[in-house]
Structure formats: C-alpha cells, structure tokens
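Descriptive analysis of the structure
Chain by chain, the residues run as shown.
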Number of protein chains: 2
Amino acid sequence: MENLHINLGGRSYDLLIGGGAFNSALDWLSNRETRACAVADSRFLSLHSGAEKALLERGIPVVKVEGGEKSKTLSEFGRLCSEFARIGLDRCSVVAAVGGGVVGDLAGFAASAYMRGIDFIQIPTTLLAMVDSSVGGKTGVDIKEGKNLVGAFWQPKAVFADLSFLKTLPPREFAAGCAEIIKCAVLGDAGLFELLENLDGPLAPDTPALSEAVRLSCALKAKVVAADECETCKDGGRALLNLGHTYAHALEKCAGYGTYLHGEAVAIGLVFAARLSAELCGLSKNDERRICGLLEKNRLPTHCAEKISAEKLWGAMALDKKARGGRVRFALADKIGSSRTMFPDPELVRRLIDEF
Amino acid sequence: MENLHINLGGRSYDLLIGGGAFNSALDWLSNRETRACAVADSRFLSLHSGAEKALLERGIPVVKVEGGEKSKTLSEFGRLCSEFARIGLDRCSVVAAVGGGVVGDLAGFAASAYMRGIDFIQIPTTLLAMVDSSVGGKTGVDIKEGKNLVGAFWQPKAVFADLSFLKTLPPREFAAGCAEIIKCAVLGDAGLFELLENLDGPLAPDTPALSEAVRLSCALKAKVVAADECETCKDGGRALLNLGHTYAHALEKCAGYGTYLHGEAVAIGLVFAARLSAELCGLSKNDERRICGLLEKNRLPTHCAEKISAEKLWGAMALDKKARGGRVRFALADKIGSSRTMFPDPELVRRLIDEF
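Cut-offs applied
Residues numbered from 1 in each chain as written. Chains lettered and ligands numbered in written order. Predicted model: local features only at pLDDT ≥ 70, side-chain atom pairs only at ≥ 80, totals over all residues. Heavy atoms only, no water. Helix = DSSP H or I, 4+ residues; strand = E, 2+ residues; numbered from the N terminus. Rg over C-alpha atoms; globule rule 2.2 N^0.38 Å. Buried < 20%, exposed > 50% of the residue type's maximum accessible area, 1.4 Å probe, protein only. Areas by Shrake-Rupley, 256 points an atom, 1.4 Å probe, with all protein chains shown as cover. Lys, Arg positive; Asp, Glu negative; His and termini not counted. Charge placed at Lys NZ, Arg CZ, Asp CG, Glu CD. Pairing = 2+ DSSP bridges. Phe/Tyr/Trp six-rings, centres within 6.5 Å; stacked < 30°, edge-to-face > 60°. Lys NZ or Arg CZ within 6 Å of the ring centre and 35° of its normal. Contact = heavy atoms within 4.5 Å. Buried area = accessible area lost by both parts, 1.4 Å probe. Salt bridge = Lys/Arg side-chain N within 4 Å of Asp/Glu carboxyl O. Polar contact = N/O pair within 3.5 Å; in protein donor to acceptor, adjacent residues only side chain to side chain. Nonpolar A, V, L, I, M, F, W, Y, C, P; charged D, E, K, R; others polar. pLDDT = per-residue confidence, 0-100. Least-squares fit on C-alpha atoms with pLDDT ≥ 70 in both. Axes fitted to C-alpha atoms, helices over the stretch in contact; angles between N-to-C directions. Parallel < 35°, antiparallel > 145°, perpendicular 65-115°, else oblique. Arc of directions from axis to C-beta. Expected span 1.5 Å × (residues − 1).

A few words now on the overall build of chain A. Tallying secondary structure elements over chain A gives 14 helices and 11 strands in all. Taken against the 2.2 N^0.38 rule, which gives 21 Å for 356 residues, the C-alpha radius of gyration of chain A at 19 Å falls within 12% of a compact globule. For chain A, the residues scored as buried account for 62% of the 356 residues in total. Surface accessibility of chain A: about 12800 Å² in total, with carbon and sulfur atoms responsible for 50%. Across chain A, 43 positive and 44 negative side-chain charges occur, with their mean positions spaced 3 Å apart.

This is the structure in structure tokens:
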C-alpha cells in the first residue's frame with residue numbers, strides 16, 4: 001500500500017492507496033474510541049455485503065444513501081444530520097463516507113455542518129472519488145440553481161482508497177474516473193500522460209500501473225490544493241483543477257444531471273478546453289490530438305451528442321462559482337503538463353461553443 | 001460611536017456600536033464595489049422603512065425573512081441560497097444580515113455555505129443579537145432533533161450595532177437581551193454586574209450606560225472567543241459562554257420553541273446555574289441572591305412556569321452539543337465575575353432539576 005501525505009498545515013491528513021485500505025480504515029475507526037457512523041452508498045453495500053458486516057461488527061451504524069447526483073440535495077443533507085443526532089453523534093464523533101463522489105460530498109457537507117463541524121474520513125469506492133473528491137476538501141450539494149452551489153471546505157482526517165473495490169465498478173464509471181486522471185496529467189504531469197499513453201489499452205481495474213496513476217493524480221491535486229486551499233488565489237491556484245470543468249458543469253446542467261456521468265462531461269469539457277487552449281495559449285495541434293486520442297482510448301466521449309444552444313451553455317457557465325463579475329474563468333493548457341487560468345473574451349467562447 | 005476590535009487573526013473584524021452605525025454599514029457596503037444583498041427581518045423593515053429604502057437606493061436587493069425561531073430551518077436556509085443565486089451573488093459578494101439573532105444565524109449560515117462560503121456582515125437590530133450572536137461567528141439552524149444542530153463557524157467581516165434601532169424593540173425582547181448582558185457579567189465581569197446593579201431601574205433603550213454595557217459584554221465575549229474560536233478547548237474556553245444555556249436550551253426544547261424568548265430561557269437557566277454553582281463550586285448565598293435580584297430588576301423570569309419532568313429536561317441536555325459521552329458540561333460561577341466548566345454528577349443535576 002502507498003501512503004500520500006496531504007500537507008495542509010493543521011488540516012493535513014494521509015491518503016492510503018491499495019488493496020487493504022478498507023481494513024486500515026476499520027482499524028483507524030476502532031482506534032479512535034469515539035462514536036462513529038458510516039454513510040454508505042447502498043449499491044456499493046449490495047455488492048460488498050462483507051463491508052457492511054465489518055462495519056456493524058465494530059459497532060459502527062450504517063446510514064444508506066442512494067448513489068447518483070439525485071441524492072446531492074439539501075433534503076438528503078438534512079436527513080443525514082437528523083440521523084447523526086438520532087445515532088447520538090457528538091462533537092468528538094467521526095463520520096466515514098463510503099462510496100463515490102456523491103456520498104463523499106454529501107456526507108462531508110453533513111459532517112461539516114452537524115454541530116458546526118465534526119470529523120470525517122473518506123473511503124472512496126469509485127475511481128473518480130479516489131482521484132478527485134478525496135483530495136481537496138470540497139463538499140456540498142446541488143440546488144436547482146446550480147451544481148455544488150451549497151457546501152463547505154471541509155478536510156477529511158484521512159482517506160482510504162481501496163483499489164480492490166474497483167473490480168465491481170461498472171466499466172462506464174471506471175472510464176469516467178479515468179477522465180479526471182487524464183485531466184490531472186494534462187494540467188500538470190506530462191509523465192503521467194505518457195504513462196497512460198504507453199499502456200496497451202485503456203486503464204482498467206487490473207492494470208498494474210493503476211495504483212501509480214491514482215497516486216500521481218492525487219499527488220498533483222494535493223500540490224495544487226496545498227497552495228490554495230480555499231480557492232482564493234486570483235490567478236491559477238485551485239482554479240487550474242477546473243480544467244475541462246467549466247464546460248462540463250454547464251453541460252451537465254443543460255443536458256440534465258444524470259445524462260452524462262460527471263467524468264464523461266469532463267472528458268468532453270477537456271476536448272473543449274483543448275480547443276480553447278489552441279486558440280488562446282498556443283496548445284499545439286499535436287497535443288490537442290493526443291488529448292482526444294487518450295480520452296478515446298479510455299472509452300470516453302469527446303463530443304456532446306445532444307443539441308444544446310451555445311446561449312444556454314454560456315448562461316450556465318456565467319453562473320459557475322469561478323465566474324467573476326460576468327466573465328468566466330477557464331483553466332487552459334499551454335502544452336500537455338502545463339496550464340494556467342484566463343478570463344477569455346465571452347464572444348470567442350460563445351463562437352467556439354457554437355462550432356463545437 | 002465606539003469601535004471594538006475582535007481579534008481572531010486572519011478572521012479579525014471591527015464591531016461598531018452607536019447611533020449612526022447603520023449609515024456606516026451602508027458606506028461600508030458601497031465602498032466594497034462587489035455585489036451585495038441584504039437578508040432582513042420583515043418586522044424590522046416594517047418599523048424602519050427608511051432602512052429598506054436606503055439599502056435599495058444603494059442597489060442592494062433585500063430578501064425578507066420572518067423573525068422568530070420558526071424561520072431557523074433548513075428550508076429557509078435553502079431558500080436564501082437560491083435567492084443568492086438568482087440575485088447573481090458570486091464568490092466576491094457580501095451578504096448583510098439585518099435583524100435579530102435568528103436572521104443573523106440563518107443568513108450567516110447561508111453565507112458560509114453559498115459557493116462554499118462568501119463574506120457577510122451583521123447589522124443586529126435587537127439587543128440580544130448585539131451582545132450575543134454578533135460576536136463569536138456561530139451560525140446555524142435548528143432541526144427537529146435539536147436547536148442549532150446544523151451550522152458553521154463563520155466570522156462576519158464587520159458588525160454594525162445601531163443602538164437607535166432598540167427604541168422600537170418590544171420591552172420583552174429588550175429584557176431578553178439584558179439576560180445575555182447579565183450572563184456576561186456573572187461569568188467574567190464583576191464591574192459590569194455592579195454597573196447594572198447600581199442603575200436605578202432596569203436597563204432601557206434610553207439608559208446612558210447602554211452603549212457601555214453593550215461594549216463590555218461584547219468585549220468579554222470577544223476575549224473568550226479569541227482564546228477558543230471553534231470551541232475545541234477541553235476546559236473552560238467558549239463553553240464558559242454557555243453559562244445558563246445548558247438548561248435554557250433544554251427548556252426551550254421541552255417547552256416548545258417560541259414559548260420562551262431565548263433570553264428569558266437564559267435568565268431561568270442562570271438561576272439554575274447559580275443553584276448548581278452554590279452546590280458544586282462555592283458560589284455564596286449572597287451572590288446567588290444578587291443574580292436573581294438583577295434578573296428580576298430587569299423584568300426577567302427566574303423560574304419555569306411549565307411543569308416539565310426532570311427526566312425530559314435531562315434527556316434534552318444530554319443531546320446538547322457540549323455533552324461528551326453522556327456527561328453534560330456546565331459553566332458554573334465560583335463568584336460573580338469568575339467561572340469555570342464542569343461535568344457534574346448526572347444524579348445531582350437531576351435532583352436539582354427536580355427541586356427547581
């Protein structure tokens with residue numbers, strides 16, 4: 001197993017990656033000697049009944065949450081807080097989020113707000129959650145006005161990424177996780193990009209390089225987050241992690257949440273970001289092709305199948321949390337492994353959306 | 001006008017106390033040059049139409065909230081976040097909470113969570129909000145399992161306490177605010193206690209010493225908060241501010257929220273805390289009498305009119321956020337102006353509740 005230290009001063013924590021990480025999480029929870037509760041994805045539990053049994057055997061009650069964006073609501077947030085109170089969690093208690101990004105975001109936000117904040121740990125069970133939401137401390141829910149519009153920065157006390165759980169992940173969800181790994185590679189790790197390019201086929205649960213790819217992605221994200229924990233940098237900083245996401249969030253909203261998996265929307269968003277990068281900061285035609293190629297090799301979509309008007313997508317982007325006074329910030333790549341943020345001319349963005 | 005600096009490192013802010021504080025708030029909002037929005041108590045606005053007009057004239061939209069504990073819900077919290085999105089608030093925007101403690105707690109929690117946290121200022125319009133919720137950074141809402149069980153620590157960027165607003169406050173609400181001033185005096189400022197004792201009658205909106213009493217209360221609270229911002233001290237710390245509150249919260253819950261004003265419940269809680277203090281840490285009979293006397297002089301209740309079983313009250317206390325593993329922490333006074341925290345024997349507490 002590999003251990004990655006996420007350095008955030010008083011909020012630092014360790015990320016354990018490997019096949020036995022779930023057992024380590026159980027030990028960690030038992031060693032704390034304070035009341036604990038698990039918030040777990042119901043589909044994951046149905047596939048891994050041993051996990052639920054192990055939690056219950058250690059006296060850790062399990063609150064079930066349906067996976068999928070539809071659970072990221074204020075009403076589910078409220079239900080979790082009420083469950084915490086009924087279970088009797090106090091300020092010393094800890095919540096373990098067991099599931100994908102939705103469960104992590106939801107349970108993390110509930111932990112951040114219950115009694116004005118109690119500890120939580122992440123036990124991500126999807127590739128996307130392992131490489132994306134388990135580093136960064138972003139938690140939250142959607143409201144009808146937009147995705148992730150309500151939430152908190154709340155760092156976990158530890159993250160346990162058990163790669164053995166990925167064997168039961170549907171291939172489409174596994175691929176969606178790859179999109180975030182590819183994003184990390186494009187924005188700041190050319191070596192990781194080449195590692196993925198040099199694989200014979202797509203990244204898969206049994207690829208020996210998987211743990212290395214997960215570790216490199218998380219390490220890159222951790223480096224960016226450490227420099228800008230609460231997204232206050234005016235240039236660069238955490239906004240770099242948004243590569244492909246400005247378009248992706250707008251697409252998810254306009255196509256209806258659930259039409260695309262988040263990672264699929266990110267894949268399409270990466271192609272759009274590459275297009276914009278080629279126009280605005282000299283990304284070469286060859287790098288643009290390599291990005292598309294690597295996404296396709298990993299069975300990810302590279303264009304939007306729906307007819308959505310440029311005006312509608314642009315309107316959704318302007319409400320993005322990274323927007324500043326009507327201008328929308330994009331993370332763009334100069335070349336594979338190097339990126340920056342810009343506020344491009346809205347007219348240019350609209351034209352490119354239209355052509356896309 | 002008096003200025004009190006609340007020293008919290010990077011989260012420090014100024015508290016302005018006096019008759020012209022609202023105009024200073026308007027200037028502060030105008031000078032920021034970012035989008036702003038006011039969340040205001042609808043009853044306050046109906047009494048001070050000039051305040052709403054002044055906000056709108058500066059281009060600051062006003063979202064109305066009904067005062068009273070019934071508005072401190074997750075559903076109102078969600079409504080505010082949606083309003084912020086519709087108004088187009090972004091991460092640089094600021095929310096002004098104009099009203100009593102309920103509006104401050106609700107709008108502050110919404111500001112803490114909207115886009116994972118934007119700035120807010122407090123414009124308290126009740127005495128209770130001026131001396132209690134405007135210092136400390138506690139925000140939150142109630143859920144059916146308990147009061148303030150969901151929220152955040154979120155410091156305002158500034159607080160503007162305009163004492164002229166207190167002239168329209170119902171006398172019962174003014175008295176409720178006095179209860180928190182008396183609490184501050186008992187827990188850490190014997191001079192403030194004497195100042196109040198030496199007044200000819202109860203504290204009133206036209207008492208010349210009012211601004212001094214507000215400033216001393218806020219200063220005491222600020223000193224305690226600065227030493228323990230997020231209530232992590234094991235002994236003393238912010239838990240001292242809970243003097244009278246452990247009983248008060250349980251009483252409010254058991255009698256039904258709204259039966260007592262918060263300050264009235266605190267007054268009764270202070271008498272209970274004095275009783276417990278006399279049993280456990282040597283508070284003199286004379287100090288116990290002085291505390292009751294000062295509360296009565298300020299037209300505050302000193303005992304509970306309802307028949308509520310000791311078992312029910314104790315059960316509610318055990319769910320208090322300050323509880324640790326089944327034992328309930330109380331702030332208690334050795335003498336007027338000096339206090340400490342303890343976890344008393346549950347049997348003793350139950351007996352005293354029963355006798356009370």
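Attention now goes to the pairing of strand S10 (residues 330-335) of chain A. Residue and element names in this part refer to chain A. The pairing of S10 with strand S11 (residues 338-342) spans 5 bridges and is antiparallel. For Leu332, the partnering residue across the bridge sits in S11 and is Arg340. What sits between the antiparallel neighbours S10 and S11 is a turn of 2 residues, in which Gly337 has the positive phi angle 95°.

For any two aromatic rings, the description comes down to two numbers: the centre-to-centre distance and the angle of the planes. The final tally for this structure, using the stated rule, is 18 aromatic pairs over all chains. One aromatic cluster in this structure is built from A:Tyr247, A:Phe272, A:Phe330 and A:Phe356. Sitting over the face of the ring of B:Phe153, A:Arg116 holds its NZ or CZ atom 6.0 Å from the ring centroid.

So, about the interface of chain A and chain B. Contacts between the two partners involve 34 residues from chain A and, on the opposite side, 33 residues from chain B. Summed over both sides, the interface of chain A with chain B buries roughly 2900 Å², with 58% coming from carbon and sulfur. A salt bridge links B:Arg86 to A:Glu145; its shortest N-O distance comes to 2.8 Å. Seen at the junction of chain A and chain B, the total is 10 residue pairs in polar contact (both at pLDDT 80 or more). Mapped by element, the contributors of at least two residues to the side of chain A that touches chain B are helix H4 (74-87), helix H5 (101-113), strand S7 (138-143) and strand S8 (146-153) of chain A. With 7 residues, H4(A) is the largest single contributor of residues to the side of chain A that touches chain B. In terms of residue class, the side of chain A that touches chain B is built from 16 nonpolar, 7 polar and 11 charged.

Moving on: the confidence of the model for chain A. Atomic detail in the predicted coordinates should be set aside for any region of low pLDDT. On average, residues of chain A carry a pLDDT of 93, and 98% of them reach 70 or more. Predicted complex, confidence summary: ipTM 0.88, pTM 0.89.

Another point: the environment of B:Ile118. Residue and element names in this part refer to chain B. Structurally, Ile118 is set in the loop between helix H5 (101-113) and strand S6 (119-124). Here the alpha-carbon distance between Ile118 and Arg91, two residues 27 residues apart in the chain, equals 5.6 Å. In this structure, Ile118 is in contact with Leu89, Asp90, Arg91, Ser93, Val95, Ala111 and Trp154, ignoring residues within four places of it in sequence.

Among the structural elements, A:Glu76 can be located in helix H4. Contacts of A:Glu76, omitting those with residues within four sequence positions, involve A:Val65, A:Ser71 and A:Leu106.

So, about the relation of the copies chain A and chain B. Once chain A has been moved 0.0 Å along the axis and rotated by 180°, it coincides with chain B to within an RMSD of 0.0 Å. Here the two chains are linked by the operation of a two-fold rotation axis. Among all C-alpha atoms of chain A, that of A:Leu74 lies closest to the rotation axis, at 3.9 Å. A share of 97% of the interface residues of chain A reappears at the interface of chain B, consistent with the copies meeting face to face through the same patch.

Residue and element names in this part refer to chain A. Two elements in contact, helix H7 (residues 171-188) and helix H8 (residues 190-197), have axes separated by 6 Å at closest approach and are oriented at 135°. On the basis of the axis angle, H7 is oblique to H8. Across the interface between the two elements, Ile181, Ile182, Ala185, Val186 and Gly188 from H7 touch Ala190, Leu192, Phe193 and Leu196 from H8. Tallied by class, the residues present in the contact of H7 with H8 amount to 8 nonpolar, 1 polar and no charged.

What follows is about the pattern of salt bridges. The final tally for this structure, using the stated rule, is 49 salt bridges over all chains. Of the charged contacts, one joins A:Lys72 and A:Asp105 as a salt bridge, the two residues approaching to 2.8 Å between their closest N and O atoms. Residue A:Lys72 is located in the loop between strand S4 (62-65) and H4, and its partner A:Asp105 is located in helix H5; the two are separated by 33 residues in the primary sequence. Assigned by exposure class, A:Lys72 and A:Asp105 land together as buried. Between B:Arg350 and B:Glu311 there is a salt bridge, with the nearest N and O atoms lying 3.0 Å from each other. With B:Arg350 in helix H14 (residues 346-355) and B:Glu311 in helix H13 (residues 310-318), this pair connects stretches of sequence that are 39 residues apart.

Turning next to the environment of A:Phe77. By secondary structure assignment, the location of A:Phe77 is in helix H4. Once the C-alpha coordinates of A:Phe77 and A:Ile118 are considered, the two residues, 41 residues apart in sequence, prove to be 14 Å apart. Not counting residues up to four positions away in its chain, the partners in contact with A:Phe77 are A:Leu106, A:Phe109, A:Ala110, A:Ala113, A:Val141, B:Leu74, B:Phe109 and B:Val150.

All names here are of chain B. For Met115, which is not glycine, the phi torsion reads 55° and is therefore positive. By the element assignment, Met115 lies in the loop between H5 and S6. A relative accessible area of 2% means that Met115 is categorised as buried. Phi is positive for Arg299, close to 55°, though the residue is something other than glycine.

Residues and elements named next belong to chain A. Among all positions in helix H13 (residues 310-318), only Ala310, Leu313, Trp314, Ala316 and Met317 are buried. Looking down the long axis of H13, one finds its buried residues gathered within 160° of arc, a one-sided arrangement. On its buried face, H13 is in contact with helix H10 (245-255), S10 and helix H14 (346-355).

What follows is about the side chain of A:Ser133. The residue A:Ser133 is located in helix H6 (residues 127-133) in this model. For A:Ser133, the residues in contact, after removing those within four places along its chain, are A:Gly101, A:Asp105, A:Gln122, A:Leu128 and A:Lys221.

In this section: helix H7 (residues 171-188) of chain B. With 18 residues, H7(B) extends 26 Å between its outermost C-alpha atoms, agreeing within 8% with the 26 Å of an ideal straight helix rising 1.5 Å per residue. Within H7(B), 14 of the 18 residues are buried, which leaves the element mostly enclosed by the surrounding structure.

Residues and elements named next belong to chain A. Along the chain, Leu45 turns up in helix H2 (residues 42-47). C-alpha separation for the pair Leu45 and Val62, spaced 17 residues apart in sequence, amounts to 9.8 Å. Not counting chain neighbours up to four residues away, the residues in contact with Leu45 comprise Ala40, Glu52, Val62 and Lys64.

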